[in-house]
Structures are given as structure tokens and as C-alpha cells.
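# What the coordinates show
Each chain is listed here by its residues.
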Amino acid sequence: MENRIDYYNVATEALKIMMEMEKYTKTTNIDRKLRELIKIRASQINGCAFCLNMHTADARKMGETEQRIYCISAWEECEFYTEAEKVALELTEYVTLVSTKRVPEELYQRVRKHYDEKQYVDLILIINQINNWNRISISMGNTATK
């Protein structure tokens, strides 16, 4: 893969910060498979093939099923996601599309039925982290490869 700019070397300090945030998100008590599903769903919305390719592969390595990976864009109609997963995926959509959707109080309350205050903050950070990566990846011309 050839990027438009070698951004890891051009902005080394900034990318170190991004990687530190990535490390943090892995220390949260948000289920690791759910973290990958969040990354997949946000990447679908943003149209980031590079991140979709990476995170579907990562989800498979973690033991996520093909069924759950393939159906993530229609999570609302599936019985094989838990209510906690569904509300996290809904939050992912609202945060990813925050300029038009916002995060309504009603959604916040439903999320809080499944996740405590710290988990809510961690979900928001995970969602924002993948949205940040999507935007960097797309802007830098990253493409999905084998």
C-alpha cells in the first residue's frame, strides 16, 4: 500500500498519541468483539475499505462469526446481537453521524441501562477513535489489500 503522504513519519508525535489512545481502548472492559463490531459499523458508514478489511479480519481472529460480521449493517433486524450490543451499535451510528443525528437523551438513557458511566465514556472514545482512523485513512488514500 502506498499512501499519499508517509504520515507516520511526517507527524510522528501525533501518530504516537493516536497509538496511545488505541492502547487505552484495548484496556477498557468493553468486550473486545464488540469493540471490533463498533469499528466495522463505523467504517461501513464512513466507507473506509482499509479499516473494514482490517477490522473484519481482526474480528474473525477473535472468533467472531461470519453471520454477525456480515449482518452488522442490519443489526436492528437480527436476534443474534444482544440488547447491550444493539444499543452500542446504535450509539456508534449516532456518534459517527453526529452532525445530523446528535445523541438524543433517550438513546443516552438506553445506553446507560447496559453500561455504567465509565463504560459510556469508553464507548464514546472507541467510537471516536475509529472515526478518527477512518478519516485519516481515507484522506491519506489508504486502500484495502490482501
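Residues numbered from 1 in each chain as written. Predicted model: local features only at pLDDT ≥ 70, side-chain atom pairs only at ≥ 80, totals over all residues. Heavy atoms only, no water.

### A word on the packing of aromatic side chains
The full count for this structure, using the stated rule, is three aromatic pairs. An angle of 50° between the planes, with centres 5.1 Å apart, marks the rings of F80 and Y81 as tilted. Their ring planes at 90° and their centres at 4.9 Å tell us that Y108 and Y120 sit as a pair that is edge-to-face. Of this pair, Y108 sits in helix α8 (residues 105-112) while Y120 sits in helix α9 (residues 117-139), and the two are 12 residues apart along the sequence. Seen from the ring of Y94, K101 lies directly overhead, with NZ or CZ sitting 4.5 Å from the centre. (Phe/Tyr/Trp six-rings, centres within 6.5 Å; stacked < 30°, edge-to-face > 60°. Helix = DSSP H or I, 4+ residues; strand = E, 2+ residues; numbered from the N terminus. Lys NZ or Arg CZ within 6 Å of the ring centre and 35° of its normal.)

### A few points about the nonpolar core
I38, L91, V111, Y115 and L123 are the most contacted members of the largest nonpolar core, which totals 15 residues. Listing elements by their share of this core, those giving two or more residues are α3 (32-46), α6 (83-96), α8 and α9. With five residues, α6 is the single largest residue contributor to this core. Counting residues in hydrophobic clusters, the runner-up holds 10 residues, among them Y7, I130, I136 and M140. (Core = buried A, V, L, I, M, F, W, Y, C linked by side-chain atoms within 4.5 Å. Buried < 20%, exposed > 50% of the residue type's maximum accessible area, 1.4 Å probe, protein only.)

### Topic: the packing of α6 against α8
Between α6 and α8, the shortest axis-to-axis distance is 9 Å and the interhelical angle comes to 145°. In this structure, the crossing between α6 and α8 has a hand that is left-handed. Contacts from V87, E90, L91 and Y94 in α6 reach L107, R110 and V111 in α8. Tallied by class, residues from the contact of α6 with α8 come to five nonpolar, no polar and two charged. (Axes fitted to C-alpha atoms, helices over the stretch in contact; angles between N-to-C directions. Left-handed = near helix turned anticlockwise from the far one by under 90°. Contact = heavy atoms within 4.5 Å. Nonpolar A, V, L, I, M, F, W, Y, C, P; charged D, E, K, R; others polar.)

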